[in-house]
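The lines below spell out each chain.
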2 protein chains.
Amino acid sequence: MLNRFSIFKTLLLFVSLFCCSLSSAQEKPKEATWIWYPGDFEVWLSNKMQVRRTEREAVFPPLWQYYSPYALVTFQTEVDIPKPDEVKIFSEGPFQLLLDGVQIYGQPKSIAVPAGKHKISFKVYNQEVLPAIYINGKYIKSDASWKVTNEDKLWIDETGKAQQSGTPWVPVGSWNFNSPENKPSGFKLTTKPLSAKKTEKAGIGQLVDFGKETFGYIKIHGLKGKGKLALYYGESREEALDSAKCETLDHLSFDGKQSETYTHDGSKAFRYVQVQADAGIKYDSISMLYEYLPLDYRGAFKSSDEQLNKIWDVSAYTMHLTSREFFIDGIKRDRWVWSGDAYQSYLMNYYLFFDSASVERTLLALRGKDPVTAHVNIIMDYSLYWFVGVYDYYLHTGDTKFIKTFYPRMKSLMDFCLERRNKNGFLEPLEGDWVFIDWADGLPKTGEVSFEQMLLARSLEAMAVSAEIAGKSEDQKQYQKLGTDLKTKLFDVFWDKKENVMKHQRIDGKIQNIVTRYANMFGIFFNYFTEEQKQSVKNKVLLNKDVLQITTPYMRFYELEALCAMGEQDYVLKEMKNYWGGMLNEGATSFWEEYNPNKKGTEHLTMYGRPYGKSLCHAWGASPIYLLGKYYLGVKPTAPGYSEYEIKPNLGGLKWMEGKVPTPNGEVAVYCSTKEIKVKAGEGEGKLIFESASKPKTNSGTITELAKNKYQLIVKPNVEYKVSYKAL
Amino acid sequence: MLNRFSIFKTLLLFVSLFCCSLSSAQEKPKEATWIWYPGDFEVWLSNKMQVRRTEREAVFPPLWQYYSPYALVTFQTEVDIPKPDEVKIFSEGPFQLLLDGVQIYGQPKSIAVPAGKHKISFKVYNQEVLPAIYINGKYIKSDASWKVTNEDKLWIDETGKAQQSGTPWVPVGSWNFNSPENKPSGFKLTTKPLSAKKTEKAGIGQLVDFGKETFGYIKIHGLKGKGKLALYYGESREEALDSAKCETLDHLSFDGKQSETYTHDGSKAFRYVQVQADAGIKYDSISMLYEYLPLDYRGAFKSSDEQLNKIWDVSAYTMHLTSREFFIDGIKRDRWVWSGDAYQSYLMNYYLFFDSASVERTLLALRGKDPVTAHVNIIMDYSLYWFVGVYDYYLHTGDTKFIKTFYPRMKSLMDFCLERRNKNGFLEPLEGDWVFIDWADGLPKTGEVSFEQMLLARSLEAMAVSAEIAGKSEDQKQYQKLGTDLKTKLFDVFWDKKENVMKHQRIDGKIQNIVTRYANMFGIFFNYFTEEQKQSVKNKVLLNKDVLQITTPYMRFYELEALCAMGEQDYVLKEMKNYWGGMLNEGATSFWEEYNPNKKGTEHLTMYGRPYGKSLCHAWGASPIYLLGKYYLGVKPTAPGYSEYEIKPNLGGLKWMEGKVPTPNGEVAVYCSTKEIKVKAGEGEGKLIFESASKPKTNSGTITELAKNKYQLIVKPNVEYKVSYKAL
C-alpha cells in the first residue's frame, strides 16, 4: 500500500532530476526583499511569541532553551550589471559596506555602482532585533540569491590588504518583507475589527460573548472616567464568569486622560470576556481586533453529511486559529511551538492552506541553533518528529533548498540523538529526556520503548534522503545503514511472533507483556509491516477495546489514519462523527485539546488539575481536514512536489463528497458519488485509482484495469475527467 | 630559574589546599547585586563596545563571530531563613516567579517569604539586552551564591505536577551592580570634564589641543545658530589637520534649537581636534568628557633615572587608557579585544591595577560561547594565549571559581584546537586559521611553526592544572600526557642539536633553515630549556642582530622579558631607555603600536598603508610596567594568589629604585639601593633573594646564605624588613 512514507525507497531517483527543474523555475523577475541570516528571524520571532503566554498575569515562558540571532552578520553578493545602478540601502542596524573590497565611508543611504562585475558586502550589527538589509537598485536587489555568514573572517594584513578565508557562507533567509518600510523587526499578524454577538449583565460586571472561539485584542469604546477595569477571559462562559480561577485576565488602570477608544496591547484567546469596572469608569461597548495570519483556504471539503461538513469547517477554523507566527498547539495554552503538535499541523496544512512558509518557519523555530544540548522541546519523540516533518515538507513541496541550507542543523540534531542511544543501539531516556508519546494514565515510558525506536528508524530514513539532497553521499550511506539495522533490531526485539503484534517496552533486557496502540498504528502507515502483520495489528490492537484507549485527539489522529490506511473509512467516518460530533454537541466552536465522551458539563473544561486548564482550541483537534483530504478524497503525493500523485476516493459510506487538495502550484479537485468520479488537477501526473462493480467510462484518457474491479486512469494537468462507475 | 611558568609542575599540590581557604574567606556579610548568566554580560558588552569602532564614519565591526546572551534564563536559590522576609524584586525583563514550585501570579514588585526553607526561582526573558535580576530582602539577596541555567527543563505533567530533570545549573555571573538603579544594561564607564590646553586657528577652522593623548566625548560650549559642524580627530597634530585623511571624524548638524552646551554621543581617541563650522554656527569653546574605568594605581615605580620614571608613568597612562570595558588593543584603533594583546594587558595589570574583574571580563569576552567554530579572534596563537591567560589569572589571584565555572568552555576550545592538529600532532594552519605571531616583513607562517607548538604545549599544561581544579582527574591525566608528549616532539623536531637553537619551521617534513626569536625567547621564560640551552639561545639568537629583528612593542615585550629572565637587566634597561625613550623624544604622551627608530617625522604615523593608520596609544606599548615590577623590583607569585612569592631586586644599573607590586589583598613594597633593601608585604610568605658582596644584615628575621654571595630572607606579612648589603 502506498502512503506518505512508502515512497522513501524510490525517492532518491527523483532528487537529482528535481533539483534541475527547480533551479530553472527560480529564474523569475527579481524583487527586492529584506534578507537575514537563515533561521534567525524565526528564532527571534518565536522567542518573542512564545513568551507572550500568561497565566493570570504571570509571564509563562517555555521550559526549553531559547536561541539567539547572530548579532553581527555579513551579507554578500556578486553581480554583473549592464549599466550603472543607483542602489538604495535600508538596514536594520549600523553597517559596514564594502564595494569590491573597498570600504565605503559613512552610513550611505544609497550607492552608485558602475556597470560590470562587482562584489558587494554589508556587515550589519544589531543586538536588539536581528541584522537585516533591504537593497534596491534597478539591477542589484537583495533577494534569496544573496549569501550570508556569521563569521566572515575578513582580515586586513600589515600592508592593508584584505584577506578572506575559511568562511561558511550560506543562502540568506527571507519571507515576504518586500518593501523598505515592511521591516522584519516590525512583523505583526493582520488584524480586523470584530463585534460582540451578545452582551449581558453578570454580577457587578458585564459578560460579552463573541459567538465563537476567537483570538485578539479587546477594544473598549466610549471610555470615560478614572479608575480600574478588569477583563476576565474565558474560552467557556464558566471560565469568563469565574474571575478567581479563569486562566487569563488583565487588570487595567485609567487616569481619566485616556482616549475614548482603548485597545489592549496583549492578545488573548477567548469566546467570552467578563468586564468589571470601577464605579468611576464608564464605557459604551466592547469589541475586539481579531488577529490572524492571512492564509488562503486552498483545500475544501463538502459531502452529503451535514455534520461531517460542520466538522470539516470547525476543523479548518481551529487550524487557522492555531496557524499564526508559527503552528502552535493551542491559542489559550500553551501558545508555544511543540514539535509533536506542529508535525500534525504540517500535515493538515498540506490539505488546507499548503502554506510552505509556515512550515519552514515552524521547523526553524523548533530546531533553533547549535550546539544541541537537549531534545527539541526536551522531548525525545519531538526531536524525531522534526526529521520526519522535514522529509514530509520535501515530499509535498519538492523544495530542496530548505534541506540544502539546513542540512548541518539536521545532522547535528541527529548526532545528538544517536549519541543518546544505549548499548543496544536503542533510545532510552537519559537524564533530561522527556518521553511523551501521549497523555494517557499509566502509559509506561521508561526503558526501551518500541515507539521511540520506530520513530528513530523513520528519522534515519529521512536523514538518508536529506543527505543525498545535500550532496553528502557518505552520510547517505551511513544513515541508510543505520536505519536498516535499527529496523531489523526493532522487529527482532519487539515483534511478538506468537501474538503477531508489536510489544511496547523492554526493561533491562526483559520484554514487558504490554501491548499499546502507538508503535502498532505507526507501523501501519510507516509501511513497516507485511500485509499479514497489518491485518493482525488491525484486529488484535486497533479494533481491540481492551488495549489502552486513546483519549487525546493527538494520538487519535494517528489511530484513525492507521485505520484509514487499512481501508476502514466506514468505521472511521462513524468514529469521526462520534468523537468530533460529540464536541460539536457540547457546543464546541473549535476543537479541543482532549475529549472524553464520558465526562459531563464543566468536567469537559478541566485539565492539569485546574478547572479551566483545558485548551478549547487545539491544533491537534483539527485532524479531520487531513483524514478527509487524504483518505476520503484520497489525494496524496507519490513523488516530491506532486510531480506524481495518487487519487483514491473512498466515500466511507457517504452518498457523495467533493473537495480540493492543494498542490504547490495548483490543486486537485475531486467529486465522488457512488456513480460518478470527477477529477481535475493543475500540475503533475496523477493516478486515479478506484473500484467499480461495472466497467467504468471516462470522457478523456484511458482506463486500465489493475485487478478484478480495480481500475486506474492517468490524470494529466488541466483536463477535467468525468468517470461513470458503480461503487462496490 | 623560577618564573611565572616554572611552578606549573608543583602547582597541583596547592589546588585542594587553596580551595578550602577561599571558601571560608567568602563568608562575608551578604550584599544584593544584579546577577546574570555567567559570561553573558561580557558577551553583550563586548558586542556593543567593539562595534563602536568607526573609520571615517563607517562602522567597522570586528571580523570574528559575535555571540549572544541567552534570552531566557532561570535563576534559583535555596534559603533557610529565621524570620519572614519581605523581598524586593527588580528584573531586566518580564519574569515568572516560582516559590517552592508554585507560580506567583502577576509581576510582583515584592514577595513575602515565610520563615524556613524555600526554593525560589525566577525565569527571566530579555531578548534586547540580557536577563538579569536584583533581589533584596533582609535575608534573601541575589548574589554570587545563586545558580542559573539556560534550559531549566521544568515541565508540568498531565496532573499539574512540576518535574525537573537533567539541567546544567551553573553559578551566576555578577560584578559591581549593587543597587536596583545600577542595572547591567545601563553600564557606562565614568566620565569627568577636561579642558583643552591650547586652541589655535587652523585654516577655516580651529585646532584644539588637549595636551596629551586622551579619550572621550567632545563638548561644545556656547553653541548658537544653525548649520553644520565637523570634528576631525587626531592622535597627532598632523592627523587632526588633515580633514581628508584623518581616521576618525564626525559631521554634526544643528537646527538652531539645540541647547547651548552640546556633548557628542560618540567617544573617540585623540589629542587634537580640528573644528570646522558653517558661518551660521557660533560657539565659545571646546572641552571634553574624559571617559575611563575607575581603577586604583596599586603598583608604583620610581628610581634614580628620571627618564625611566617618565617611561613608567606614560606606560601606566597608556595601560589605563586601554583598560576599559575590557582590555583593548588601542583606543583609536582597533578598539577591539584581541587575545594576544589582552594577554599582555593581564600581565601588566598584575603589576599596576591588579583588577581581577577586568581580567575575567576580558577572558569571557574573548572566549564567547559554544560551539567553537574558529580560533579566538580567528588567530591560532590567540586561542593559545587564552589558556595561558586563564592559568596566569589563577596564579596571581588564587581564584578557582573562574576555572570551575568556565572549565567546559576551556575544554571545548581545547577540543577545537586539538582537532586541528595535523597527522604529526602539530598545529598547522587549516582554512580559516590566521597565524599571527607578529607583524614582521617576511616572517614565515605556513606549515609547522615551532612557536605555535610551544604555545600549545603550554596551553595543555594550563589545561591540566585547570582540569584538576575543576575536579576532572581523567582530563587532567590526559592533558598532562598530551603536553608532555608534545614538548618531547617539539624538541625532537625543532631543536637543532648542532647549532643549539630552536628552528622556526617545518614544511612537508623538511626543517627550514630559519631561526627566529619567537620560540627561542618563549622557551626561556616558559623554562622549557636547560641552562645550557638558554645560554646558547641568549647568545646565538637574542643578542644576535642578524636574526630577524623585532619592531613591535608586542614581541619586544617577550624579547625583553626573556633577557631579564636571563639576568640581563643592565642591557634591557638601556634598551628600554632607547626604545621607549625614543618614543618620548618623538613627543609621545602614550606608547605606540609600533616604533622604528629609523623612521623620521610623519613616517612614524603611518601603518597599514594609511598616513595615520598607526595607533598611538596601544596597550602592548606599556610593557615597562611589567618588566620593572617583575624583573627590577623583582616581585612575582610562586604559589596561587601570592600565598608564596619571591622578591629578587635587580637594579640593572640604577642607583636606587622603589615601588609597589599589588597582591590580591595587599601589596609588596620594595626599596633597593646599592646598599640597602627594604621590603614590606601585606600577605603571603615571601622569599627575598639578593646578592651581596658583604655579609648582609637585617632588622628582622634571619638571612640564610644560599650560595656564595647569594642570600635569602623569609618575608612575613606586615613586617618591615631593612637589609643592609653591598651590591655586587
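Quick caveat, the model's predicted, so the values are computed rather than measured.

### Remarks on the overall build of chain A
Move 1: Scanning chain A from N- to C-terminus turns up 15 helices and 40 strands.
Move 2: Against the compact-globule benchmark of 27 Å for 728 residues, chain A has a radius of gyration of 27 Å, which places it among compact chains.
Move 3: Dimensions of chain A, computed from the C-alpha atoms along their principal axes, are close to 80 × 70 × 65 Å.
Move 4: Taking all 728 residues of chain A together, the buried fraction comes to 62%.
Move 5: Sequence separation of 24 or more characterises 73% of the internal contacts of chain A that already satisfy a separation of 6 or more.
Move 6: For chain A, the exposed surface amounts to about 27100 Å²; the carbon and sulfur share of it is 49%.
Move 7: For chain A, the distance from the average position of its 93 positive side-chain charges to the average position of its 88 negative side-chain charges is 3 Å.

### With respect to the packing of helix H11 (residues 517-525) of chain A against helix H12 (residues 531-542) of chain A
All names here are of chain A.
Move 1: At a minimum axis distance of 10 Å, the contact between H11 and H12 shows a crossing angle of 145°. Here H11 runs over H12; the crossing is left-handed. Contacts from Arg517, Asn520, Met521 and Ile524 of H11 reach H12 at Lys534, Val537, Val541 and Leu542.
Move 2: A breakdown of the residues in the contact of H11 with H12 according to their chemical character gives five nonpolar, one polar and two charged.

### Section: the relation of the copies chain A and chain B
Move 1: For the match of chain A to chain B, the screw axis carries a shift of 0.0 Å, the RMSD comes to 0.0 Å, and the turn is 180°. Look at the turn and shift together and you get a two-fold axis relating the two. Measuring from the rotation axis to each C-alpha of chain A, the shortest distance belongs to Glu128 of chain A, at 2.1 Å.
Move 2: When you check the interface residues of chain A against chain B, 100% turn up at the interface there too, and the contact is symmetric in its surfaces.

### Here's the deal with the confidence of the model for chain A
Move 1: Mean pLDDT over chain A stands at 94; residues scoring 70 or higher make up 95%.
Move 2: Confidence drops under a pLDDT of 50 for residues 1-6 of chain A, and excluding neighbours within four residues, the segment shows 31 contacts in the predicted structure.

### Thoughts on the packing of aromatic side chains
Residue and element names in this part refer to chain B.
Move 1: All chains considered together, the criterion is met by 132 aromatic pairs over all chains.
Move 2: Taking 6.2 Å as the distance between ring centres and 80° as the angle between the ring planes, the aromatic pair formed by Phe177 and Phe187 counts as edge-to-face. Within this pair, whereas Phe177 is found in the loop between strand E13 (170-171) and strand E14 (190-195), its partner Phe187 is found in the loop between E13 and E14, the two being separated by ten residues in sequence.
Move 3: The exposure class of Phe177 is buried, given its relative accessible area of 1%.
Move 4: A relative accessible area of 16% places Phe187 in the buried class.

### So, the interface of chain A and chain B
Move 1: On the side of chain B, 60 residues touch chain A, which itself brings 60 residues to the contact.
Move 2: Across the chain A/chain B interface, buried area totals approximately 5200 Å², and carbon plus sulfur atoms make up 59% of it.
Move 3: At the boundary of chain A and chain B, one finds 14 residue pairs in polar contact (both at pLDDT 80 or more).
Move 4: Elements supplying a minimum of two residues to the side of chain A that touches chain B: helix H2 (40-50), strand E3 (58-59), strand E6 (95-99), strand E7 (102-104), strand E9 (116-125) and strand E12 (154-156) of chain A.
Move 5: Residue composition of the side of chain A that touches chain B, by class: 29 nonpolar, 16 polar and 15 charged.

### Topic: the domain arrangement of chain A
Move 1: Domains assigned within chain A are domain 1 (35-186), domain 2 (190-292), domain 3 (295-629) and domain 4 (635-724).
Move 2: Of note, the centres of domain 1 of chain A and domain 4 of chain A, computed from C-alpha atoms alone, are 46 Å apart.

### Describing the state of the cysteines
Residue and element names in this part refer to chain B.
Move 1: Evaluation of the coordinates by the stated rule reveals zero disulfides over all chains.
Move 2: With no disulfide of its own, Cys564 lies 15 Å from the sulfur of Cys672, the closest cysteine sulfur.
Move 3: Taking the relative accessible area as the measure of exposure, Cys672 reaches 2% and is therefore buried.

### Things to note about the environment of Glu559 of chain B
Residues and elements named next belong to chain B.
Move 1: Here Glu559 is to be found in helix H13 (residues 553-565).
Move 2: Residue Glu559 is classed as buried on the basis of its relative accessible area, which comes to 3%.
Move 3: Taking C-alpha positions, Glu559 is 9.9 Å from Phe525, a pair spaced 34 residues apart along the chain.
Move 4: Once you skip the residues sitting within four places of it in the chain, Glu559 turns out to touch Arg517, Met521, Leu542 and Ile550.
Move 5: Reaching out from Glu559, the side chain makes a polar contact with the side chain of Arg517 at a distance of 2.8 Å.

### Quick look at the sheet that holds strand E9 (residues 132-136) of chain B
Residue and element names in this part refer to chain B.
Move 1: The sheet built from three strands is open, its strands ordered E7-E4-E9 with antiparallel pairing. The sheet is open, and its two borders are formed by strand E7 (110-113) and E9, each paired with just one other strand. Each strand of the sheet is rotated relative to its neighbour by a mean of 25°, with strand direction disregarded.
Move 2: Sheet topology places strand E4 (residues 85-92) next to E9; five bridges connect them, and they run antiparallel. Opposite Ile89, over in E9, you have Ile135 as the bridge partner.

### Some thoughts on helix H4 (residues 306-322) of chain B
All names here are of chain B.
Move 1: Between the first and last C-alpha of H4 there are 24 Å, a value that for 17 residues agrees with the 24 Å anticipated at 1.5 Å per step.
Move 2: For H4, the tally of buried residues reaches 13 of 17 residues, placing the bulk of the element in the interior.
Move 3: For H4, the capping residue at the N-terminal end is Asp305, with a side-chain oxygen 2.9 Å from the backbone nitrogen of Gln307.

### Some thoughts on the sheet that holds strand E31 (residues 635-637) of chain A
Residue and element names in this part refer to chain A.
Move 1: Taken together, the five strands give an open sheet; going across it, the order is E31-E32-E36-E39-E38, and neighbouring strands pair in mixed fashion. Sheet topology places E31 and strand E38 (703-707) at the edges, where each strand pairs with a single neighbour. Recorded for the sheet is a direction-independent mean angle of 25° between the axes of neighbouring strands.

### Overview of a positive patch on the surface
Residue and element names in this part refer to chain A.
Move 1: A cluster of basic residues, Lys192, Lys197, Lys212 and Lys310, forms a positive patch at the surface.
Move 2: Turning to its location among the elements, Lys192 is positioned in strand E16 (residues 190-195).
Move 3: You can call Lys192 partly exposed: its relative accessible area is 39%.

### Considerations on the pairing of strand E37 (residues 710-715) of chain B
Residues and elements named next belong to chain B.
Move 1: Relative to E37, strand E34 (residues 685-691) is paired through six bridges, and the arrangement is antiparallel. Residue pairing in the sheet places Lys687 in a bridge with Ile714 of E37.
Move 2: Across four bridges, strand E36 (residues 703-707) lies against E37 in antiparallel orientation. Residue Glu705 lies in a different strand from E37, and its bridge partner there is Tyr711.
Move 3: Connecting E36 to the next strand, E37, in antiparallel fashion are two residues, including Asn709 with a positive phi near 65°.

### Examining the side chain of Ser615 of chain A
All names here are of chain A.
Move 1: Looking at where Ser615 falls in the secondary structure, it is placed in the loop between helix H14 (569-585) and helix H15 (624-632).
Move 2: Side-chain polar atoms of Ser615 contact the backbone oxygen of Cys617, separated by 3.3 Å.
Move 3: Among the polar contacts listed, one links the side chain of Ser615 to the side chain of His618, at a separation of 2.7 Å.

The rules behind each value
- Residues numbered from 1 in each chain as written.
- Chains lettered and ligands numbered in written order.
- Predicted model: local features only at pLDDT ≥ 70, side-chain atom pairs only at ≥ 80, totals over all residues.
- Heavy atoms only, no water.
- Helix = DSSP H or I, 4+ residues; strand = E, 2+ residues; numbered from the N terminus.
- Rg over C-alpha atoms; globule rule 2.2 N^0.38 Å.
- Buried < 20%, exposed > 50% of the residue type's maximum accessible area, 1.4 Å probe, protein only.
- Contact = heavy atoms within 4.5 Å.
- Areas by Shrake-Rupley, 256 points an atom, 1.4 Å probe, with all protein chains shown as cover.
- Lys, Arg positive; Asp, Glu negative; His and termini not counted.
- Charge placed at Lys NZ, Arg CZ, Asp CG, Glu CD.
- Axes fitted to C-alpha atoms, helices over the stretch in contact; angles between N-to-C directions.
- Left-handed = near helix turned anticlockwise from the far one by under 90°.
- Nonpolar A, V, L, I, M, F, W, Y, C, P; charged D, E, K, R; others polar.
- Least-squares fit on C-alpha atoms with pLDDT ≥ 70 in both.
- pLDDT = per-residue confidence, 0-100.
- Phe/Tyr/Trp six-rings, centres within 6.5 Å; stacked < 30°, edge-to-face > 60°.
- Buried area = accessible area lost by both parts, 1.4 Å probe.
- Polar contact = N/O pair within 3.5 Å; in protein donor to acceptor, adjacent residues only side chain to side chain.
- Domains from an automatic or database assignment.
- Disulfide = S-S within 2.5 Å.
- Pairing = 2+ DSSP bridges.
- Expected span 1.5 Å × (residues − 1).
- Patch = residues over 30% accessible without salt bridge, like charges linked within 9 Å, V, L, I, M, F, W, Y side chains within 5 Å.
- Salt bridge = Lys/Arg side-chain N within 4 Å of Asp/Glu carboxyl O.

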